[in-house]
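# Structural characterization, general
As a plain string of letters, each chain reads:
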Amino acid sequence: QVQLVQSGGGLVQAGGSLRLSCAASVRTSTTYPMGWFRQAPGKEREFVASINWSGSNTYYGNSVKGRFLISRDNAKNTVYLQMNSLKPEDMANYYCAAGSTSSESQNYRYWGQGTQVTVSS
């Protein structure tokens, strides 16, 4: 059983930055491909970014490419999402997930509890 515990999130002005973290309760020698998704009220879940087990390959959704960065620290079993140049349309509940680098949420096995990101205009 894998548990993903998220931290970060909060309120930020448009144009600002925020970093989300996702810590996995797995053995330190175990790594998984990881992804970030987001979901705004009344909208379907949207792919944000993903990263392979080593961090050498990263993928981004078109809506965040060039603004967001995904990274990982395997010594801490933690994946990060650095969000820059935030826009009001980035406002959503953000979820980390483990098991794939796919843009399709059904390919992920484990999910974090979510964290809210609010962007003021």
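For the structure given in this document, a descriptive report is provided here. Given the structure is predicted, the values throughout are model-derived calculations rather than measurements. (Residues numbered from 1 in each chain as written. Predicted model: local features only at pLDDT ≥ 70, side-chain atom pairs only at ≥ 80, totals over all residues. Heavy atoms only, no water.)

Let's shift gears to the overall build of the protein chain. Across its full length, the protein chain holds zero helices and 11 strands. Starting at the N terminus and walking to the C terminus, you meet the elements of the protein chain as β-β-β-β-β-β-β-β-β-β-β. On C-alpha atoms alone, the protein chain measures out to a radius of gyration of 13 Å, which is about the 14 Å that the 2.2 N^0.38 rule sets for 121 residues. Across the 121 residues in the protein chain, those meeting the buried criterion constitute 42%. Expressed as a percentage of contacts within the protein chain between residues at least 6 apart in sequence, the contacts between residues at least 24 apart total 54%. Total accessible area on the protein chain stands at roughly 6400 Å², and carbon and sulfur atoms take up 44% of it. Taking the average location of the 11 positive side-chain charges in the protein chain and that of its 6 negative ones, the two points are 7 Å from each other. (Helix = DSSP H or I, 4+ residues; strand = E, 2+ residues; numbered from the N terminus. Rg over C-alpha atoms; globule rule 2.2 N^0.38 Å. Buried < 20%, exposed > 50% of the residue type's maximum accessible area, 1.4 Å probe, protein only. Contact = heavy atoms within 4.5 Å. Areas by Shrake-Rupley, 256 points an atom, 1.4 Å probe, with all protein chains shown as cover. Lys, Arg positive; Asp, Glu negative; His and termini not counted. Charge placed at Lys NZ, Arg CZ, Asp CG, Glu CD.)

Turning next to the environment of Glu 44. Along the chain, Glu 44 falls in the loop between β4 (34-39) and β5 (46-51). Judged by its relative accessible area of 69%, Glu 44 falls in the exposed class. In this view, Glu 44 contacts Arg 38 and Gln 39; residues no more than four positions away in its chain are not counted.

Okay, the state of the cysteines next. This model, assessed by the stated rule, comprises one disulfide. For Cys 22, the disulfide goes to Cys 96, at an S-S distance of 2.0 Å. Looking down the S-S bond of the Cys 22 and Cys 96 bridge, the torsion is 60°, so its handedness is right-handed. Pair noted here: Cys 22 is in strand β3 (residues 18-24) and Cys 96 is in strand β9 (residues 92-98), with a separation of 74 residues, a long-range link. Like Cys 96, Cys 22 is buried. (Disulfide = S-S within 2.5 Å.)

Now for the packing of aromatic side chains. Under the criterion given, the structure shown has five aromatic pairs. Judged by centre distance (5.6 Å) and plane angle (70°), the rings of Phe 37 and Phe 47 are edge-to-face. Here the residue Phe 37 occupies a position in strand β4, and Phe 47 occupies one in strand β5, the gap between them amounting to 10 residues. Ring geometry for Phe 37 versus Trp 111: centroids 5.3 Å apart, planes at 55°, classification tilted. Linking Phe 37 in strand β4 with Trp 111 in strand β10 (residues 110-111), this pair joins segments that are 74 residues apart in sequence. (Phe/Tyr/Trp six-rings, centres within 6.5 Å; stacked < 30°, edge-to-face > 60°.)

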